[in-house]
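The residues making up each chain are set out below.
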Amino acid sequence: MNDIIKNIEAAQMKAEVPQFNVGDTVRVHGKIKEGNRERIQIFEGVVLKKQGGSNRETFTVRKNSNGIGVEKTWPLHSPNVERVEVIRRGKVRRAKLNYLRQRVGKAAKVKELVK
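Throughout what follows, the structure given in this document is the object of discussion.

Thresholds, definitions, all that
Residues numbered from 1 in each chain as written. Predicted model: local features only at pLDDT ≥ 70, side-chain atom pairs only at ≥ 80, totals over all residues. Heavy atoms only, no water. Helix = DSSP H or I, 4+ residues; strand = E, 2+ residues; numbered from the N terminus. Buried < 20%, exposed > 50% of the residue type's maximum accessible area, 1.4 Å probe, protein only. Patch = residues over 30% accessible without salt bridge, like charges linked within 9 Å, V, L, I, M, F, W, Y side chains within 5 Å. Areas by Shrake-Rupley, 256 points an atom, 1.4 Å probe, with all protein chains shown as cover. Salt bridge = Lys/Arg side-chain N within 4 Å of Asp/Glu carboxyl O. Lys, Arg positive; Asp, Glu negative; His and termini not counted. Charge placed at Lys NZ, Arg CZ, Asp CG, Glu CD. Polar contact = N/O pair within 3.5 Å; in protein donor to acceptor, adjacent residues only side chain to side chain. Contact = heavy atoms within 4.5 Å. Phe/Tyr/Trp six-rings, centres within 6.5 Å; stacked < 30°, edge-to-face > 60°. Lys NZ or Arg CZ within 6 Å of the ring centre and 35° of its normal. Pairing = 2+ DSSP bridges. Axes fitted to C-alpha atoms, helices over the stretch in contact; angles between N-to-C directions.

**Structural notes on the overall build of the protein chain**
At step 1: Broken down by element type, the protein chain carries one helix and five strands.
At step 2: Along the protein chain, from the amino end to the carboxyl end, the secondary structure elements read α-β-β-β-β-β.
At step 3: In terms of overall dimensions, the protein chain has C-alpha extents of about 50 × 35 × 25 Å along its principal axes.
At step 4: Scored against the burial criterion, the 115 residues of the protein chain give a buried share of 29%.

What follows is the structure, given as structure tokens:
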């Protein structure tokens, strides 16, 4: 029974998964279906958390839109996620950046990782 589930999950996974971490600023290209048309909409923000594993892995992106914080959670292996571009790498020391929800303005920024 366990092998059947593993085979189904392996078939649903993407071949190429982008490498990004918590704290990175990313640009997610998501497919939006409106009636019979399909278009790509870009959602740019900071990755707050990554969770799950295998084909159930998800990541949450937060951005500020007109002074209001907007968060979206995306399944990593979803066919609705066209691609994920990493704009800048963030220097963080935590796995989940929930504290950014209470921050406003410059305090909500994440330092850039310089290598």
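**Section: a positive patch on the surface**
At step 1: Where like charges cluster on the molecular surface, the positive patch consists of Lys91, Arg93, Arg94 and Lys111.
At step 2: If you trace the backbone, Lys111 turns up in the segment after β5 (81–88).

**Description of the side chain of Arg62**
At step 1: Tracing the backbone through its elements, the reader meets Arg62 in strand β3 (residues 58–65).
At step 2: There is a polar contact of 2.9 Å between the side chain of Arg62 and the side chain of Glu71.
At step 3: The residues touching Arg62, leaving out its near neighbours within four places in the chain, are Gly45, Val46, Leu48, Gly69, Val70, Glu71, Leu100 and Arg101.

**Considerations on the packing of aromatic side chains**
At step 1: For the structure on display, the rule yields two aromatic pairs.
At step 2: Between Phe20 and Phe59, the ring centres sit 4.9 Å apart and the planes meet at 70°, which makes this aromatic pair edge-to-face. With a gap of 39 residues between them, Phe20 in the loop between α1 (2–12) and β1 (25–34) and Phe59 in strand β3 connect regions that are remote in the sequence.
At step 3: Take Phe20: its relative accessible area is 1%, and that puts it in the buried class.
At step 4: On the accessibility criterion, Phe59 (1% relative accessible area) is buried.
At step 5: The aromatic ring of Phe20 is capped on one face by Lys50, whose charged end is 4.6 Å from the ring centroid.

**Brief notes about the sheet that holds strand β2 (residues 37–51)**
At step 1: One open sheet holds the five strands; their spatial order is β4-β3-β2-β1-β5, and the pairing between them is antiparallel. Each edge of the sheet is formed by a strand with only one pairing partner; in this case those strands are β4 (68–75) and β5. Taken pair by pair, the neighbouring strands of this sheet meet at an average axis angle of 40°, ignoring direction.
At step 2: Sheet analysis places β2 next to β3, joined by five bridges and oriented antiparallel.

**Here we look at the environment of Arg89**
At step 1: By the secondary structure assignment, Arg89 is in the segment after β5.
At step 2: With 23 residues separating them along the chain, Arg89 and Glu112 place their C-alpha atoms 5.7 Å apart.
At step 3: Apart from the residues lying within four places of it in its own chain, the contact partners of Arg89 are Gln19, Phe20, Asn21, Asp24, Lys111, Glu112 and Leu113.
At step 4: Of the polar contacts made by the side chain of Arg89, one reaches the side chain of Asp24; its length is 3.1 Å.

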